[in-house]
Each structure stands twice: as C-alpha cells, then as structure tokens.
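# Breakdown of the fold
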Amino acid sequence: MKYAYISTQEPYSLGVRIVQVQDTKDGLIDVDGVLFWVECDDAVTPTGYYYDTNDNQIKQVPVA
C-alpha cells in the first residue's frame, strides 16, 4: 500500500490533482483542507489518476 498526496486547490481531470505518490507519509505535511494524504494502490501515479472529491476516491484518468 502506498500514499497519495492530494491537492484540493489543483483541478485535474474530473477531480483534483495527486501531487505525489510514495511508500510513506514522511516528508510532507497535511495542510488543513488543502493538502492531505490518502492510502492508495501501488499502481496509482500522479499523471494517470486523480482524486474525486465527490466520493473521496482515487480514480484512473479516463482514456479519450
């Protein structure tokens, strides 16, 4: 299991941007309501996935 660092201030695809994905939450801090960590699958990448704020789930960016 990895951790995704989410930025609620950066729209991306159908939600908001995943800033970074790493093995631990070390090195980056939560900023109340702006930046926070969520657990994610090992396959998640910042460019291929987004965080859906409607249901608080990480989802793959749709292929056009």
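Nothing here was measured: the structure is a model prediction, and the numbers come from that model. (Residues numbered from 1 in each chain as written. Predicted model: local features only at pLDDT ≥ 70, side-chain atom pairs only at ≥ 80, totals over all residues. Heavy atoms only, no water.)

## Topic: the overall build of the protein
As a reminder, the rule being used: Here a strand is any run of E in DSSP of at least two residues, a helix any run of H or I of at least four, and the numbering for each starts at the N terminus. The size measure is the radius of gyration over C-alpha atoms, and the globule rule it meets is 2.2 Å times the number of residues to the 0.38 power. Residue burial is assigned from relative accessible area. The probe radius is 1.4 Å, only protein chains are included, and a residue is buried under 20% of its type maximum, exposed over 50%, and partly exposed in between. In this analysis, two residues are considered to be in contact whenever any of their non-hydrogen atoms come within 4.5 Å of each other. Residue burial considers only the protein chains on display, and all accessible areas are found by Shrake-Rupley using a 1.4 Å probe. Positive charges are assigned to Lys and Arg, negative charges to Asp and Glu, while His and the chain termini are left out of the count. Every charge is mapped to an atom, namely NZ of Lys, CZ of Arg, CG of Asp or CD of Glu.
A count of helical and extended segments in the protein gives zero helices and five strands. Reading the protein from its N end, one meets helices and strands in the order β-β-β-β-β. For 64 residues, the compact-globule estimate of 2.2 N^0.38 gives 11 Å, and the C-alpha radius of gyration of the protein, at 11 Å, lies within 12% of that figure. If you line up the protein on its principal axes, its C-alpha atoms span 35 × 25 × 20 Å. Per-residue burial over the protein gives 25% buried out of 64 residues. Contacts in the protein between residues at least 24 apart in sequence constitute 49% of all its contacts with a sequence separation of at least 6. When the accessible surface of the protein is totalled, it reaches about 4200 Å², and 49% of it is carbon and sulfur. Distance between charge centres in the protein, computed from 4 positive and 10 negative side chains, equals 3 Å.

## Brief notes about the pairing of strand E1 (residues 2-12)
What counts, and what does not: Following DSSP output, two strands are said to pair if at least two bridges run between them.
Strand direction decides the pairing type here: E1 and strand E3 (residues 35-40), joined by six bridges, are antiparallel. By the bridge assignment, Ser7 is partnered in E3 with Leu35. Strand direction decides the pairing type here: E1 and strand E2 (residues 15-22), joined by seven bridges, are antiparallel. Within E2, the residue paired with Ser7 across the bridge is Arg17. As consecutive antiparallel partners, E1 and E2 are separated by two residues, and within that stretch Ser13 has a phi angle of approximately 55 degrees, a positive value.

## Concerning the packing of aromatic side chains
Stated formally: The pairing test for Phe, Tyr and Trp rings, Trp by its six-membered ring, is centres within 6.5 Å, and the orientation test on the planes gives stacked under 30 degrees, edge-to-face over 60, and tilted for anything in between.
Scanning all chains against the criterion turns up three aromatic pairs. Taking 6.5 Å as the distance between ring centres and 90 degrees as the angle between the ring planes, the aromatic pair formed by Tyr3 and Trp37 counts as edge-to-face. Linking Tyr3 in strand E1 with Trp37 in strand E3, this pair joins segments that are 34 residues apart in sequence. What makes Trp37 buried here is its relative accessible area of 11%. Residues Phe36 and Tyr51 carry aromatic rings whose centres are separated by 5.5 Å and whose planes lie at 75 degrees to one another, so their mutual orientation is edge-to-face. Note that Phe36 is positioned in strand E3 and Tyr51 in strand E4 (residues 49-52), a separation of 15 residues in sequence. Cluster of aromatic residues (ring-pair linked, three or more members): Tyr3, Tyr5 and Trp37.

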